[in-house]
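Remarks on the overall topology
Spelled out, the chains give:
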Amino acid sequence: MMNEDKIGVGDEVLCIDASLKPGQGISMFPVWIKESEKYIVREVMTNDDIVVGITLEGRRNPPVYIPLLKRMQEPAYAMWRFRKTKSAYMIQEEKETEGVEINII
């Protein structure tokens, strides 16, 4: 059974929490997110099954060394900060039907 609420690549998401604690994230995320803004998921990162995060189209941060993962990578936003609003499938269907006229005789 497929989970319709699971966030995947190409899905549209709404930022529901862009809050930062003092000193949190500023150096890792020079390009931060905005609450109530919609984004398209670029990548879902499992991070060695430690914590799942997402990267977003139009939001790119430079790679940083992440000690927990012991490697350099682009920091990912926590998935709990977002709510899925449209699946990639729905977005593709909308694109395919744009401009299609239906004539009823």
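Model, not experiment: these values are computed from the prediction. (Residues numbered from 1 in each chain as written. Predicted model: local features only at pLDDT ≥ 70, side-chain atom pairs only at ≥ 80, totals over all residues. Heavy atoms only, no water.)

**Overview of the pattern of salt bridges**
Going through the model one piece at a time under the given rule, you end up with five salt bridges. Between arginine 42 and glutamate 74 there is a salt bridge, and its shortest N-O distance comes to 2.8 Å. One end of the pair, arginine 42, is in strand β2 (residues 38-45); the other, glutamate 74, is in the loop between β5 (71-73) and β6 (77-78), and 32 residues separate them in sequence. Judged on exposure class, the residue arginine 42 and its partner glutamate 74 are both buried. Aspartate 48 is the partner of arginine 71 in a salt bridge, and the nearest nitrogen-oxygen pair spans 2.8 Å. One end of the pair, arginine 71, is in strand β5; the other, aspartate 48, is in the loop between β2 and β3 (53-56), and 23 residues separate them in sequence. For arginine 71, a relative accessible area of 30% gives the class partly exposed. (Salt bridge = Lys/Arg side-chain N within 4 Å of Asp/Glu carboxyl O. Helix = DSSP H or I, 4+ residues; strand = E, 2+ residues; numbered from the N terminus. Buried < 20%, exposed > 50% of the residue type's maximum accessible area, 1.4 Å probe, protein only.)

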